[in-house]
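Analysis of the macromolecular model
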Amino acid sequence: MKKKFIVLGVLLAAFSFTKTNAQINLGDKAIGAVQKGVTGFTFSNADAAKLSKEAVDKLDAEHEIAGPTDGYTLRLNRVFGKHASGEGFTLNYKVYKLKEVNAFATADGSVRVYSGLMDIMDDNELVAVIGHEIGHVANNDSRDAVRAAYQKEALMDGVASQSATVATVTDSQLGKIGSAIIDSKYSRKQESEADLFAYNFMKKNGYDVNAEESAFRILAKMSEGSEASFIDQMMSSHPDSKKRADDAKKRAEKDGLYKPYVQQKIVNTVPVTTTKKTTTTTKKKTTTTKKK
């Protein structure tokens, strides 16, 4: 991967970009063909979950995943492991050992966080980002994204284009669907709703809601650097990071919770455990001989 920082174009439902991944962007003509070509096509939540899991399994096999004792995994488990079960969904978490600033969630409840994101976001900011991703799952945006990707592939290859059920897809199609999941382009309305979901999630669970504004400020600052033109291109279909930060601030102000956020220390290393040396002293037994 040549890009060191890839903006969270979704904050973060997939703000990633790689030159090796083929993106699936449905144009108006393709969407029209989908609507006409799959009349009567049903795609349930179970279908979306099954297809998402298959695509994510393939993505997992293609990426370096932080092991169970890796510092990144330990941190993610500590920060978000307690939220694995939520309102009608069960989540599973893994860390991709890649420097891109990226995270995504899928319809089967898979959450994948890139180590590059964990390098620049503290625990509260990370909760804001992942909370946003969960918002896309809870709001069925992730389901709709994988449905659109499947329909696109079905029409392209003539698989189940006239069927009312989901057909088995090829390995190549799974790869394209996986890329589409990572590069999902959500509408501004969907992004705003996921931002609100993240804010309410943090508020409900006692987190500092001001970290959401801070996370967007980080993205806005990134867009001013050397990656600015690339980031602007990736963000063109999403709400501006600065505006989203302002919106997060307004929400906190309205609730009387606003205060300038100070980023906390970021620790992605395995905690050092010190073993206390125990010294045992042997007491000498002295015997005295009584004189007769």
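For the structure given in this document, a descriptive report is provided here. Nothing here was measured: the structure is a model prediction, and the numbers come from that model.

1. A short note on the environment of Asp255
Summarising the element assignment, Asp255 is placed in the segment after α11 (241-254). On the basis of relative accessible area, Asp255 is assigned to the partly exposed category, the value being 34%. Taking the C-alpha atoms as reference, Asp255 lies 9.9 Å from Lys203; in sequence the two are 52 residues apart. Sequence-distant contacts of Asp255, that is, excluding residues within four places in its chain, are made with Tyr199 and Lys203.

2. Quick word on the pattern of salt bridges
Counting across every chain of the model gives 20 salt bridges. Residues Lys97 and Asp70 are paired through a salt bridge, measuring 2.9 Å at the closest nitrogen-oxygen approach. With a gap of 27 residues between them, Lys97 in the loop between β1 (92-96) and β2 (103-105) and Asp70 in the loop between α2 (45-62) and α3 (71-80) connect regions that are remote in the sequence. On the accessibility criterion, Lys97 (26% relative accessible area) is partly exposed.

3. So, the sheet that holds β1
On the basis of which strands lie adjacent, the open sheet formed by 3 strands has the order β1-β3-β2 and mixed pairing. If you trace the sheet from one side to the other, it starts and ends with β1 and β2, each paired once. In this sheet, neighbouring strand axes are inclined to one another by 15 degrees on average, regardless of whether the strands run parallel or antiparallel. With 3 bridges joining them, β2 and strand β3 (residues 110-114) adopt antiparallel strand pairing. Directly across from Ala105, in β3, lies its bridge partner Val111. Relative to β1, α3 is tilted by about 145 degrees, and along the sheet it contacts β1 and β3.

4. Some points on the packing of aromatic side chains
Throughout the structure, instances matching the rule amount to 5 aromatic pairs. Summarising the aromatic geometry, the rings of Phe80 and Phe201 are spaced 5.6 Å apart at their centres and angled 15 degrees between planes, so their arrangement reads as stacked. Note that Phe80 is positioned in helix α3 and Phe201 in helix α8 (residues 188-204), a separation of 121 residues in sequence. Classification of Phe201 as buried rests on a relative accessible area of 15%.

Calculation criteria
Residues numbered from 1 in each chain as written. Predicted model: local features only at pLDDT ≥ 70, side-chain atom pairs only at ≥ 80, totals over all residues. Heavy atoms only, no water. Helix = DSSP H or I, 4+ residues; strand = E, 2+ residues; numbered from the N terminus. Buried < 20%, exposed > 50% of the residue type's maximum accessible area, 1.4 Å probe, protein only. Contact = heavy atoms within 4.5 Å. Salt bridge = Lys/Arg side-chain N within 4 Å of Asp/Glu carboxyl O. Pairing = 2+ DSSP bridges. Axes fitted to C-alpha atoms, helices over the stretch in contact; angles between N-to-C directions. Phe/Tyr/Trp six-rings, centres within 6.5 Å; stacked < 30°, edge-to-face > 60°.

These figures come from the coordinates and say nothing about function on their own.
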